[in-house]
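Chain residues, written in single-letter form:
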Amino acid sequence: MTFVDGLRSDLGEAGVLTGADAAPYLTGQRGLFTGEALAVVRPASVKETVLVVRACASAGVFIVPQGGNTGMSGGAVPATGADRDSHGLQPQSIVLSMSRMNRIVSVDPDRWTITVEAGATIEAVQQAAAGAGRLFAPDWGARGTATVGGAIATNAGGNNVLRYGTLRDNVLGLEVVLADGQVWDGLRALRKDSSGYDLKQLFVGAEGTLGVVTQAVLRLRPATPHAQSALAAVSGLDSLMPLLELAEARCGGDVTAFELVPDVGLERACKKFSLARPLEARAEFYVLVRLSSTEPVSDRLGAFLDEASDSGWVTDAAVAVTDEHEERLWAIRDELPAMRLWDLHEHGVKLDTAVPIDRFGPYHDEVRRIAAELAPDAFTYGFGHVGDGNVHMYVLPTSDDQVAPFLAVRDELRERIDEATFAFGGTLSAEHGIGQLLRDRIRQQKPAVEWDLMQAVKNALDPQGIMNPHKTLPP
Ligand SMILES: Cc1cc2nc3c(=O)[nH]c(=O)nc-3n(C[C@H](O)[C@H](O)[C@H](O)COP(=O)(O)OP(=O)(O)OC[C@H]3O[C@@H](n4cnc5c(N)ncnc54)[C@H](O)[C@@H]3O)c2cc1C
């Protein structure tokens with residue numbers, strides 16, 4: 001019996017996909033990475049996950065965990081045969097899809113927690129929490145497909161990090177199937193626990209290289225029935241940080257999101273997705289601010305905008321006055337990723353960088369300067385989580401005939417921008433993980449001793465090296 005037949009006899013037909021059924025699981029977002037796998041294996045329980053991990057460990061088959069496959073860095077996509085050869089990695093891989101393990105196990109409003117299986121989508125968790133009068137705060141455009149396991153494994157961020165933190169700040173406990181098939185039950189619901197190393201945090205951001213997350217206890221927050229957003233035209237990037245400071249000072253802890261929206265993205269998203277333009281005034285950049293609270297927020301939002309306007313930081317603003325307006329502003333925000341708007345996005349340089357927030361303006365200028373120097377016909381496009389210093393920037397060719405000249409300088413462009421990011425004290429991966437995309441570029445970001453420590457953790461938890469190899473750690 002082959003390895004795959006063995007898995008099929010244990011998990012049944014629904015548990016093992018091959019051929020055309022497996023193909024959608026083998027290519028990642030943006031089409032940047034496509035890999036090969038013996039099969040896509042879909043356990044329906046922890047017991048089945050253990051069985052699969054043990055079978056892989058004894059056959060020396062690599063395991064590539066996968067949630068919704070919305071990750072941006074190729075972490076959930078197996079290597080190709082050529083990649084494996086070039087890195088001296090001979091064994092085959094399986095994709096371990098957690099899509100069948102998607103139960104909401106329990107909602108516990110009195111504890112302010114929710115316990116879910118790893119394959120539950122972010123949206124399903126948000127809805128279950130809302131049904132119990134609570135808020136599960138992490139949120140981003142891929143909410144309907146991205147899973148809790150993938151979000152934990154990438155330490156995902158999104159639009160609400162400013163107030164509620166990343167996944168790291170929203171996980172209280174985990175259950176993990178380790179590389180040798182042991183199950184670590186760390187499903188605790190404690191806000192405070194100083195009893196030694198915080199092992200759950202090792203698996204947050206590990207991109208499936210240390211074990212398979214099967215269940216999580218997540219933190220819930222008070223529901224915020226009063227939420228209101230405004231799209232404000234800003235007088236320049238220099239105005240952003242004084243504006244954020246003003247918002248925090250006047251609106252206390254109610255500032256939930258502070259997102260950069262470029263005019264070129266706003267215009268394109270409205271046209272492409274038939275959304276009404278929310279304000280007529282034009283500026284190069286806008287900021288989308290949301291306040292949310294248990295109490296009405298409109299007076300504070302209005303007062304903040306008036307003061308921002310008096311200070312000259314804001315030149316015009318559209319305030320959402322109905323639920324429909326509010327939804328439309330956020331629908332526009334969800335459509336801003338380059339892959340939604342620009343046909344040539346896959347040729348571009350994509351950045352998920354973050355810098356200390358006070359340095360964002362000069363950093364943005366520096367990226368533009370480098371792009372103008374090396375690829376004068378290219379177009380620099382940045383949007384997103386400016387309140388966290390994390391704007392997703394792209395340098396993109398503008399037309400089909402620009403693709404070849406752009407590709408000729410793309411590596412140098414990346415290298416120069418990476419160097420600038422390090423010089424500004426930034427990171428190449430603010431929230432999308434390292435995966436395959438950044439693995440060869442990230443080394444300079446941390447001292448050698450830090451990579452050595454990470455490698456020591458990897459060796460301790462996965463001595464055979466079967467968990468998602470060829471990802472995250474620099475070669
Ligand atoms: C339109 C769009 C907008 C996005 N916006 C944001 C954003 O604002 N902020 C943000 O942070 N991300 C964003 N993302 C990226 C993506 O949604 C997140 O990285 C998300 O967390 C990935 O979840 P997933 O379930 O799709 O994981 P996958 O893509 O399937 O996997 C991601 C990584 O996690 C590992 N993994 C998956 N499941 C498990 C598991 N159970 N155990 C161990 N390892 C596992 C995989 O091996 C891989 O390394 C966006 C993506 C899209 C398409």
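As the structure is a prediction and not an experimental result, all values here were calculated from the model. (Residues numbered from 1 in each chain as written. Predicted model: local features only at pLDDT ≥ 70, side-chain atom pairs only at ≥ 80, totals over all residues.)

**Details of the packing of helix H1 (residues 3-11) against helix H3 (residues 46-59)**
Okay, so step 1: The contact between H1 and H3 brings their axes to 11 Å, and the two run at 165°. As the angle between them shows, H1 and H3 are arranged roughly antiparallel. Regarding H1 and H3, the two cross each other, and that crossing is right-handed. Between H1, through Phe 3, Gly 6, Leu 7, Asp 10 and Leu 11, and H3, the contact on the second element is made entirely by Glu 48, Leu 51, Val 52, Ala 55 and Ala 59. (Axes fitted to C-alpha atoms, helices over the stretch in contact; angles between N-to-C directions. Helix = DSSP H or I, 4+ residues; strand = E, 2+ residues; numbered from the N terminus. Parallel < 35°, antiparallel > 145°, perpendicular 65-115°, else oblique. Left-handed = near helix turned anticlockwise from the far one by under 90°. Contact = placed C-beta atoms within 7 Å.)

**Topic: the environment of Glu 284**
Okay, so step 1: With respect to the helices and strands, the residue Glu 284 is situated in the loop between helix H10 (263-272) and strand E14 (285-293).
Okay, so step 2: Of the residues examined, Glu 284 has 12 C-beta atoms within 10 Å and is grouped as exposed.
Okay, so step 3: Note: C-alpha distance between Glu 284 and His 226 (58 residues apart in sequence) is 30 Å.
Okay, so step 4: Discounting residues that sit within four places of it in the chain, Glu 284 has contacts with Pro 262 and Asp 263. (Buried ≥ 20, exposed ≤ 12 C-beta atoms within 10 Å, placed from the backbone.)

**Here we look at the pairing of E14**
Okay, so step 1: Burial runs high along E14: 8 of the 9 residues are buried.
Okay, so step 2: Pairing geometry for strand E12 (residues 226-234) and E14, over 8 bridges, is antiparallel. Among the inter-strand pairings, Ala 232 is bridged to a residue of E14, identified as Val 287.
Okay, so step 3: The pairing of strand E13 (residues 255-262) with E14 spans 7 bridges and is antiparallel. (Pairing = 2+ DSSP bridges.)

**A look at the domain arrangement of the protein**
Okay, so step 1: Domain assignment breaks the protein into domain 1 (3-97), domain 2 (104-222), domain 3 (226-336) and domain 4 (342-462).
Okay, so step 2: Centre-to-centre separation of domain 1 and domain 3, based on C-alpha positions: 42 Å. (Domains from an automatic or database assignment.)

**Re the pairing of strand E8 (residues 171-178)**
Okay, so step 1: Extensive coverage of E8 is indicated by the burial of 6 of its 8 residues.
Okay, so step 2: The pairing of E8 with strand E10 (residues 211-219) spans 7 bridges and is classified as antiparallel. Bridge assignment links Val 176 to a residue of E10, and that residue is Val 213.
Okay, so step 3: As paired elements, E8 and strand E9 (residues 183-186) share 4 bridges and run antiparallel to each other.

**Observations regarding the site of the ligand**
Okay, so step 1: Looking at the ligand, there are 37 residues lining it, with Gly 67, Gly 71, Gly 75, Gly 149 and Gly 150 nearest.
Okay, so step 2: Of all elements in the fold, only strand E3 (62-66), helix H6 (148-154) and E10 reach the threshold of two or more residues within the shell around the ligand.
Okay, so step 3: Ranked by residues supplied to the shell around the ligand, first place goes to H6 with 5 residues.
Okay, so step 4: A per-class count over the shell around the ligand returns 15 nonpolar, 20 polar and 2 charged. (Near = placed C-beta within 6 Å. Nonpolar A, V, L, I, M, F, W, Y, C, P; charged D, E, K, R; others polar.)

**Some points on unusual backbone geometry**
Okay, so step 1: Positive phi values are uncommon outside glycine, yet Ser 274 reaches one of about 50°.
Okay, so step 2: Positionally, Ser 274 belongs in the loop between H10 and E14.
Okay, so step 3: For Asn 468, which is not glycine, the phi torsion reads 40° and is therefore positive.
Okay, so step 4: Its place among the elements puts Asn 468 in the segment after helix H16 (448-461).
Okay, so step 5: The class for Asn 468 is buried, based on 29 C-beta atoms found within 10 Å.

**Observations concerning the nonpolar core**
Okay, so step 1: Judged by nonpolar contacts, the single largest core of 65 residues is most densely connected at Ile 94, Ile 152 and Ala 216.
Okay, so step 2: Here this core gathers at least three residues from each of two domains, domain 1 (3-97) and domain 2 (104-222).
Okay, so step 3: For Ala 216, the residues in contact, after removing those within four places along its chain, are Val 116, Ala 118, Val 148, Ile 152, Val 171, Gly 173 and Leu 174.
Okay, so step 4: Formed by 62 residues, the second largest nonpolar core is a distinct cluster that contains Leu 266, Trp 313, Val 367 and Val 386. (Core = buried A, V, L, I, M, F, W, Y, C linked by C-beta atoms within 7 Å.)

**Observations regarding the environment of Gln 436**
Okay, so step 1: Looking at the element boundaries, Gln 436 is found in the loop between helix H15 (400-423) and H16.
Okay, so step 2: Given 23 C-beta atoms within a 10 Å radius, Gln 436 is considered buried.
Okay, so step 3: Separated by 38 residues in the primary sequence, Gln 436 and Pro 474 have C-alpha atoms spaced 9.5 Å apart.
Okay, so step 4: Setting aside its immediate chain neighbours within four residues, Gln 436 contacts Phe 33, Ser 73, Gly 74, His 470 and Lys 471.

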